[in-house]
Amino acid sequence: MKICFVGAGALGCAIGGMLAKSGSQVSLVNHNQAHVEAINRDGLIMRESGEDTPVKVFAATDCAGIGIVDLVIILVKSGSTEAAIESARSIVGPETVVMSLQNGLGHEDVLSKVVDRSHLLAGKTYVGGVMLAPGHIIAGVAGKLTYIGELDGSISPRATRIADEFSRAGLTTVVSPNIVGTIWDKLLINVATGAVSGITRLPYGDLYKVPEIEACAVAAVAEAMAVARAQNVVLSIKQPRDAWMMAAAGLPADFKASMLQSLERGKVTEVDFINGAVVRAGKACGIPTPVNETLVACIKGIEHSLTRIALSTPA
């Protein structure tokens, strides 16, 4: 199978590297020239269980010359989704499948502005990746499931074929008849800790010591669950506090939510596709979401303050 990862950072490289090792024809697209040059020169260096292994795989800074592929996987920051699929028009043919593995909700709606909805599968992965240096990553694959599925809940031959390709590469993948519910389940976990960690600047060990933070997080999850149920989404998470507990399961005390990591780097977060997605969905179905609205406002305020600081800092 010919597969292109648009936004091949740590996670895209972890998944793409595994697929390349097993024989898939993989292209990794990333704007970082040093990252691309390192991969093409030395191979993608993948660290698993403390051992580094070079994987031969093609990398590029754009999609030019790659040609039509069987599968496009979008793994950019959520706010760059539309630009990413626009940049990939040349590699999408009549039978090409396009799939997001990004965190949050609503990416399929963004992708469908550029490619017909018939091209789309939805997916969610628990695989992890950490960038150590250009062309060098840690791949967190063992025991981490990936879920993919058709938006209408059918079990299609194309979804099964992709799941088989992933599983053959050691990326255990399940075709879900309820992929929308699966995406919402992951969203609940992100809603639980992302914004409260970003606002307080606390890693998980300290975050979970403050009862008032837990109460706020559980309330945000409860709103999200109410919205999901109003949309007839079938959730596997049954109680709001379960998402709060699941978010930290197995993670070290110094772990930081991705929103906090983004803010510490002075970057815009993905709050619009996490808590913000809950707010938009709530408005659409008449469910109030005041806690999530407040969390979005606080994160937006922090982002604005970082922008002001950057603009006022002498070059």
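Position numbers for residues count from 1 along each chain, tracking the sequence in the order it is written. In view of the model being predicted, local features appear only for residues whose pLDDT reaches at least 70, and side-chain atom pairs are presented and counted only at 80 or more, with totals across whole chains, interfaces and linings using the full set of residues. Hydrogens and water molecules were not included; the side-chain quantities draw on all heavy atoms of the structure.

Engineer: What should I look at first to understand unusual backbone geometry in this one?
Structural biologist: Peptide bonds are trans in most cases, and residues, glycine excluded, mostly fall at negative phi. A positive phi angle, close to 55°, is found at S49, a residue other than glycine. Here S49 lies in the loop between strand 3 (44-48) and strand 4 (51-55). At R201, a residue that is not glycine, the phi angle is positive and equals roughly 65°. Here R201 is to be found in the loop between helix 6 (179-200) and helix 7 (204-207). In this description a helix means any DSSP run of H or I spanning at least four residues, a strand means any run of E spanning at least two, and both kinds are numbered starting from the N terminus.

Engineer: Quick question: what am I supposed to make of the pairing of strand 4 here?
Structural biologist: Along any regular strand, the residues point their side chains to alternate faces of the sheet. At least two DSSP bridges between two strands are required for those strands to pair. Both strand 3 and strand 4 contribute to a ladder of 5 bridges, which runs antiparallel. Opposite M46, over in strand 4, you have T53 as the bridge partner. Here strand 3 hands over to strand 4 after 2 residues, with S49 in that stretch at a positive phi of 55°.

Engineer: What's the story with helix 5 (residues 157-168) in this structure? I'm lost.
Structural biologist: Side chains that are three or four residues apart share a direction in an α-helix, a result of its 3.6 residues per turn. With 12 residues, helix 5 ought to run about 16 Å at 1.5 Å a step, and its terminal C-alpha atoms sit 16 Å apart, in line with that. The complete set of buried residues in helix 5 reads R158, A159, I162, A163, E165 and F166. Angular distribution of buried residues about the axis of helix 5 spans 160°; they occupy a single face of the element. Of the residues trailing helix 5, G170 is marked for its positive phi of about 90°. Helix span, expected: 1.5 Å multiplied by one less than the number of residues in the helix. With a 1.4 Å probe rolled over the protein chains alone, any residue whose accessible area is under 20% of its type maximum counts as buried; one over 50% counts as exposed, and the rest are partly exposed. Relevant arc is that of directions from the helix axis to the C-beta atoms, nothing else.

So far we have only geometry, and geometry alone does not tell us how the molecule works.
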